[in-house]
Amino acid sequence: MLNFEKRDIILIVGLLLFMIGLIPFIAPIYAVLIVIIMYFGIKFYVGSRQKSIQKELGEGICADCGSKISNQKCPNCDFVNE
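Residues numbered from 1 in each chain as written. Predicted model: local features only at pLDDT ≥ 70, side-chain atom pairs only at ≥ 80, totals over all residues. Heavy atoms only, no water.

Q: Give a description of the overall build of the protein chain that names residues and reports values.
A: Counting its secondary structure elements, the protein chain contains three helices and zero strands. Mapped in sequence order, the helices and strands of the protein chain form the string α-α-α. The C-alpha atoms of the protein chain give 21 Å as radius of gyration, which overshoots the globular expectation for 82 residues (12 Å, by more than 25%). Structurally, the protein chain occupies a C-alpha span of about 70 × 20 × 20 Å along its principal axes. In the protein chain, which comprises 82 residues, the share counted as buried stands at 18%. Of the side-chain charges in the protein chain, 8 are positive and 7 negative, and the distance between the mean point of each set is 10 Å. (Helix = DSSP H or I, 4+ residues; strand = E, 2+ residues; numbered from the N terminus. Rg over C-alpha atoms; globule rule 2.2 N^0.38 Å. Buried < 20%, exposed > 50% of the residue type's maximum accessible area, 1.4 Å probe, protein only. Lys, Arg positive; Asp, Glu negative; His and termini not counted. Charge placed at Lys NZ, Arg CZ, Asp CG, Glu CD.)

What follows is the structure, encoded as structure tokens:
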């Protein structure tokens, strides 16, 4: 779930800039802790969201009607064609 991907570089750079922005207002150690918590929170949220989308899609979606495909057939389009 916490695999490192290319887009994580953008997340890390954004969080580092956010940390630099926080340093004038709070102690640097607190800024670092906030950014670390934010990183793992975002990674956890994105991972759980991807799992729920994958579970919802299953085998895929029909290009014609947008229904969920089950058993290699669309329940709407294949039923009408038969």
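Q: Could you give an account of helix α2 (residues 28-57), with specific residues and numbers?
A: Along its 30 residues, α2 runs 43 Å from first to last C-alpha, staying within 8% of the 44 Å computed at 1.5 Å per residue. Positive phi appears at G58, one or two residues downstream of α2, with a value of about 65°. (Expected span 1.5 Å × (residues − 1).)

Q: Which residues make up the pattern of salt bridges, and what values go with them?
A: Inspection of the entire model under this criterion finds one salt bridge. D8 is the salt-bridge partner of K43, the closest N and O atoms lying 2.8 Å from each other. Of this pair, K43 sits in helix α2 while D8 is found in helix α1 (residues 7-22), placing the two residues 35 residues apart along the sequence. For K43, a relative accessible area of 9% gives the class buried. (Salt bridge = Lys/Arg side-chain N within 4 Å of Asp/Glu carboxyl O.)

Q: Lay out the environment of K73 with the relevant residues and their values.
A: Looking at where K73 falls in the secondary structure, it is placed in the loop between α2 and α3 (77-81). Sequence spacing of K73 and E59 is 14 residues, and the spatial spacing of their C-alpha atoms is 9.6 Å.

Q: Let's hear about the packing of α1 against α2: which residues, and what values?
A: Relative to each other, α1 and α2 sit at 150°, their axes nearing to 9 Å. As far as their axial angle goes, α2 and α1 are roughly antiparallel. The chirality of how α1 crosses α2 is right-handed. Together, R7, D8, L11, I12, L15, F18, M19 and L22 of α1 and A31, V32, I34, V35, M38, Y39, I42, K43, V46 and Q50 of α2 make up the contact between the two elements. Residues that form the contact of α1 with α2 fall into these classes: 14 nonpolar, one polar and three charged. (Axes fitted to C-alpha atoms, helices over the stretch in contact; angles between N-to-C directions. Parallel < 35°, antiparallel > 145°, perpendicular 65-115°, else oblique. Left-handed = near helix turned anticlockwise from the far one by under 90°. Contact = heavy atoms within 4.5 Å. Nonpolar A, V, L, I, M, F, W, Y, C, P; charged D, E, K, R; others polar.)

Q: Residue-level account of the side chain of D8, with values.
A: A residue is classified by how much of its surface remains accessible, and D8, at 3% relative accessible area, is buried. Not counting residues within four places of it along the chain, the set of residues in contact with D8 comprises N3, Y39 and K43.

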